[in-house]
Amino acid sequence: TLSDEEFAAYQAAYAKAQTALEGREAALAAAAESVERDLEILGVTAIEDKLQVGVQGTIERLRAASIKLWVLTGDKLETARNIGFSARVLSSEMDIL
């Protein structure tokens, strides 16, 4: 449990980090690390993005027709690869950069 003083210090550090022009990610991480310690996890959840209906079949038909396909994403490369393989829109025969 955070005291009122600890929360106020965190809230101020987080607000300052959000508006930082340089080193924003590091400042946000430092603010989070200041309170995310000695925690006992009570539950965990995850969200899975689903492909829209028909996308997987469309990609498979494009591949079967030997049409080259480029996939652009804002995800990290490892995340994009994992999602692509789990959704079976990527295969080991593909050149994946």
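One can find the structure itself at the top, above this paragraph.
A brief look at the structure comes next. (Residues numbered from 1 in each chain as written. Predicted model: local features only at pLDDT ≥ 70, side-chain atom pairs only at ≥ 80, totals over all residues. Heavy atoms only, no water.)

## Considerations on the overall build of the chain
Piece 1. On a plain count of helices and strands, the chain comes out with four helices and zero strands.
Piece 2. Taken against the 2.2 N^0.38 rule, which gives 13 Å for 97 residues, the C-alpha radius of gyration of the chain at 21 Å runs more than 25% over that of a compact globule.
Piece 3. For the chain, the spread of C-alpha atoms along the three principal axes comes to 65 × 35 × 20 Å.
Piece 4. The buried share of the chain, taken over its 97 residues, is 10%.
Piece 5. Across the chain, contacts joining residues at least 24 apart in sequence account for 40% of those joining residues at least 6 apart.
Piece 6. By element, 55% of the accessible surface of the chain is carried by carbon and sulfur atoms, the whole surface being about 8,700 Å².
Piece 7. One way to put it: in the chain the 10 positive side-chain charges average out to a point 12 Å from where the 16 negative ones average out. (Helix = DSSP H or I, 4+ residues; strand = E, 2+ residues; numbered from the N terminus. Rg over C-alpha atoms; globule rule 2.2 N^0.38 Å. Buried < 20%, exposed > 50% of the residue type's maximum accessible area, 1.4 Å probe, protein only. Contact = heavy atoms within 4.5 Å. Areas by Shrake-Rupley, 256 points an atom, 1.4 Å probe, with all protein chains shown as cover. Lys, Arg positive; Asp, Glu negative; His and termini not counted. Charge placed at Lys NZ, Arg CZ, Asp CG, Glu CD.)

## Points about the pattern of salt bridges
Piece 1. This model, assessed by the stated rule, comprises one salt bridge.
Piece 2. In this structure, the salt-bridge partner of Arg 37 is Glu 6, at a minimum N-O distance of 3.8 Å. One end of the pair, Arg 37, is in the loop between helix H2 (24-35) and helix H3 (55-64); the other, Glu 6, is in helix H1 (residues 4-18), and 31 residues separate them in sequence.
Piece 3. For Arg 37, a relative accessible area of 43% translates into the label partly exposed. (Salt bridge = Lys/Arg side-chain N within 4 Å of Asp/Glu carboxyl O.)

## Brief notes about the side chain of Ser 91
Piece 1. Looking at where Ser 91 falls in the secondary structure, it is placed in the segment after helix H4 (77-86).
Piece 2. A polar atom in the side chain of Ser 91 sits 3.0 Å from the side chain of Glu 93.
Piece 3. Contacts of Ser 91, omitting those with residues within four sequence positions, involve Arg 63, Phe 85 and Ile 96. (Polar contact = N/O pair within 3.5 Å; in protein donor to acceptor, adjacent residues only side chain to side chain.)

## Focus on the environment of Lys 76
Piece 1. Relative to the elements of secondary structure, Lys 76 occurs in the loop between H3 and H4.
Piece 2. Judged by its relative accessible area of 66%, Lys 76 falls in the exposed class.
Piece 3. Along the sequence, Lys 76 and Ala 13 sit 63 residues apart, while their C-alpha atoms lie 27 Å from each other.

## What about the packing of aromatic side chains?
Piece 1. As enumerated under the stated definition, the model contains two aromatic pairs in all.
Piece 2. Aromatic side chains Phe 7 and Tyr 10 sit 6.3 Å apart centroid to centroid with 45 degrees between the ring planes, which places their arrangement in the tilted category. Of this pair, Phe 7 and Tyr 10 are both found in helix H1, three residues apart, which corresponds to roughly one turn of the helix.
Piece 3. What makes Phe 7 partly exposed here is its relative accessible area of 41%.
Piece 4. An aromatic cluster is present here, built from Phe 7, Tyr 10 and Tyr 14 joined pairwise through their rings. (Phe/Tyr/Trp six-rings, centres within 6.5 Å; stacked < 30°, edge-to-face > 60°.)

## What about the environment of Ala 65?
Piece 1. Take Ala 65: it is sitting in the loop between H3 and H4.
Piece 2. Ala 65 sits 22 residues away from Ala 87 along the chain, and the two C-alpha atoms are 19 Å apart.

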